[in-house]
Amino acid sequence: MGTKVILNEMQCEQCGGQIRFAPDSQVMVCNYCGSNFSLQHQQVTTTEGDTIDAIVPFEIGQQRYLELVRAWLSKGFFTKDDLVKEAAINKVSGLYLPYYVYRVKYEAQWQARVGTYYTEETKNFNWGRMRSERKRQMKTRWRSRKGSFRGKLQGSETLTLASRKIPARYHAFCAWASLETRRDFDASYLTGFAMEPFQKNPNEIFDKQVKPRVMRRIEARAEEEMGGDVIEDMKLK
C-alpha cells in the first residue's frame, strides 16, 4: 500500500516554476532557475499529493557532490590547470523525479517457417574443356515450427519517467539508480529537496512505452527459440 503524500506547493517569484516540497522545509532552492528563498515569507499552499509506494533516497550530500564534480572537471588531457580553481558552483539543489515501475507477466505462442542454409554441390562434365566441374549452390531448407513460452519484466526494465516537464533525455541520469536501495516512502526524505509531481497516467505510459518493450522482448525470445538462419511468416499470440 502506498502513502498519500501531503506537500507544500508554491510558485517561484523569479521564474514562475511550480515547486513542491515537504511541509517541514524552511529554505528552498528553485530547481528551475536556482533561486534561493526562505519559506517564512512566501505564499505556500498545502496540497494532497500522489500516492507513493517507495522512494530511492539521495545517496550523497551536497559537499560530496561538489567534490565529485570538481574531480570530474580536473580530468582530461586538455583540461586547463586553472579551470577547477576558477570554477564556481554557487547553487546545488536536489529534485526527486517521479517514476512508475511495472510488474509484467507475459505468455506467448508462436509459429513460423524457419529456414536453414545449406550448400548443395553438383558435378557436371564440361565438354568444351573435356573435364568434370563441381558447382556449389547455397540453398535454404524450410520447416514449420511452433512453440510457446512465459516470462516477466519488472524493476529497472520497466522504470518509466512520469513527468511531462522533465525531458526524457534526463532519464539516463536516473536509470542507473538501483531499485534495491529503495525505501518505503516517508515524507522526511523530502526535507531539503523538491519533488516533481506525477503528471502522466500510468495506463497511458504502459500502452505507449512499456508495452512496446514487452513486445520487443517477446519477439527477441521467439526468434531465439526458433533458431535457423532466416524466418518467414512469424505469428505471435
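As the structure is a computational prediction, the values presented were derived from the model and not from experiment. (Residues numbered from 1 in each chain as written. Predicted model: local features only at pLDDT ≥ 70, side-chain atom pairs only at ≥ 80, totals over all residues. Heavy atoms only, no water.)

A closer look at the overall build of the chain
Here is step 1: Along the chain, the regular secondary structure elements total four helices and 14 strands.
Here is step 2: Counting over 237 residues, the chain shows a buried share of 26%.
Here is step 3: Across the chain, the fraction of contacts at a sequence separation of at least 24, relative to all contacts at a separation of at least 6, is 73%.
Here is step 4: Of the accessible surface of the chain, which amounts to about 16800 Å², a share of 47% is contributed by carbon and sulfur atoms. (Helix = DSSP H or I, 4+ residues; strand = E, 2+ residues; numbered from the N terminus. Buried < 20%, exposed > 50% of the residue type's maximum accessible area, 1.4 Å probe, protein only. Contact = heavy atoms within 4.5 Å. Areas by Shrake-Rupley, 256 points an atom, 1.4 Å probe, with all protein chains shown as cover.)

Regarding the nonpolar core
Here is step 1: Formed by 17 residues in total, the largest nonpolar core has its most connected members in Tyr-102, Val-104, Tyr-106, Phe-149, Val-214, Ile-218 and Met-226.
Here is step 2: Listing elements by their share of this core, those giving two or more residues are β9 (104–126), β10 (131–153) and α4 (202–226).
Here is step 3: Ranked by size, the runner-up nonpolar core spans six residues in total, among them Ile-52, Phe-185, Leu-190 and Met-195. (Core = buried A, V, L, I, M, F, W, Y, C linked by side-chain atoms within 4.5 Å.)

Brief notes about helix α1 (residues 62–73)
Here is step 1: Counted at 1.5 Å a residue, the expected span for α1 with its 12 residues is 16 Å, and the 17 Å between its end C-alpha atoms agrees.
Here is step 2: Those residues of α1 that fall on the buried side of the exposure criterion are Leu-66, Val-69 and Leu-73. The buried side chains of α1 occupy one side of the element, clustering within an arc of 65 degrees when seen end-on. (Expected span 1.5 Å × (residues − 1). Arc of directions from axis to C-beta.)

Some words on a nonpolar patch on the surface
Here is step 1: Side chains of Ile-60, Tyr-65 and Leu-68 sit close together on the surface and give an oily, nonpolar patch of about 250 Å² of accessible area.
Here is step 2: Within the secondary structure layout, Leu-68 lies in helix α1.
Here is step 3: Residue Leu-68 is classed as partly exposed on the basis of its relative accessible area, which comes to 38%. (Patch = residues over 30% accessible without salt bridge, like charges linked within 9 Å, V, L, I, M, F, W, Y side chains within 5 Å. Salt bridge = Lys/Arg side-chain N within 4 Å of Asp/Glu carboxyl O.)

A look at the confidence of the model for the chain
Here is step 1: Counting all residues, the mean pLDDT for the chain is 78, and 74% of those residues have values of 70 or more.
Here is step 2: Considering each helix and strand of the chain separately, the mean pLDDT is smallest for helix α2 (residues 83–86), with a value of 54, and largest for α4, with 92. (pLDDT = per-residue confidence, 0-100.)

A short note on unusual backbone geometry
Excluding glycine, residues mostly carry a negative phi; peptide bonds, for their part, are mostly trans.
Here is step 1: Here Asp-233, not a glycine, exhibits a phi torsion of approximately 55 degrees, which is positive.
Here is step 2: On the secondary structure map, Asp-233 appears in strand β14 (residues 230–236).

Side note on the pattern of salt bridges
Here is step 1: Per the stated rule, a full pass over the model turns up eight salt bridges.
Here is step 2: Put simply, Glu-232 and Arg-113 hold a salt bridge, and the shortest N to O gap is 2.8 Å. Placement of Glu-232 in strand β14 and of Arg-113 in strand β9 is noted, with a sequence separation of 119 residues between them.
Here is step 3: Between Lys-139 and Glu-120 there is a salt bridge whose closest N-O contact spans 2.6 Å. Taken together, the residues span a long stretch of sequence, with Lys-139 in strand β10 and Glu-120 in strand β9 at a distance of 19 residues.
Here is step 4: Given a relative accessible area of 29%, Lys-139 falls into the partly exposed group.

Observations concerning the side chain of Thr-160
Here is step 1: If you trace the backbone, Thr-160 turns up in strand β11 (residues 160–161).
Here is step 2: Under the relative-accessibility criterion, Thr-160 is labelled buried at 1%.
Here is step 3: Among the polar contacts made by the side chain of Thr-160, one reaches the side chain of Arg-213 at a distance of 3.4 Å.
Here is step 4: Other than its neighbours up to four places away in sequence, Thr-160 contacts Pro-98, Tyr-99, Tyr-100, Tyr-102, Ile-205, Gln-209, Val-210 and Arg-213. (Polar contact = N/O pair within 3.5 Å; in protein donor to acceptor, adjacent residues only side chain to side chain.)

Focus on the packing of aromatic side chains
Here is step 1: The final tally for this structure, using the stated rule, is five aromatic pairs.
Here is step 2: Centre to centre, the rings of Tyr-100 and Phe-198 are 5.3 Å apart; their planes meet at 50 degrees, and the pair counts as tilted. Of this pair, Tyr-100 sits in strand β8 (residues 99–100) while Phe-198 sits in the loop between β13 (194–195) and α4; the two residues are 98 residues apart in sequence, bridging distant segments of the chain.
Here is step 3: Between Tyr-102 and Phe-206, the ring centres sit 5.6 Å apart and the planes meet at 50 degrees, which makes this aromatic pair tilted. On the criterion of sequence distance, the pair formed by Tyr-102 in the loop between β8 and β9 and Phe-206 in helix α4 is long-range, its members being 104 residues apart. (Phe/Tyr/Trp six-rings, centres within 6.5 Å; stacked < 30°, edge-to-face > 60°.)

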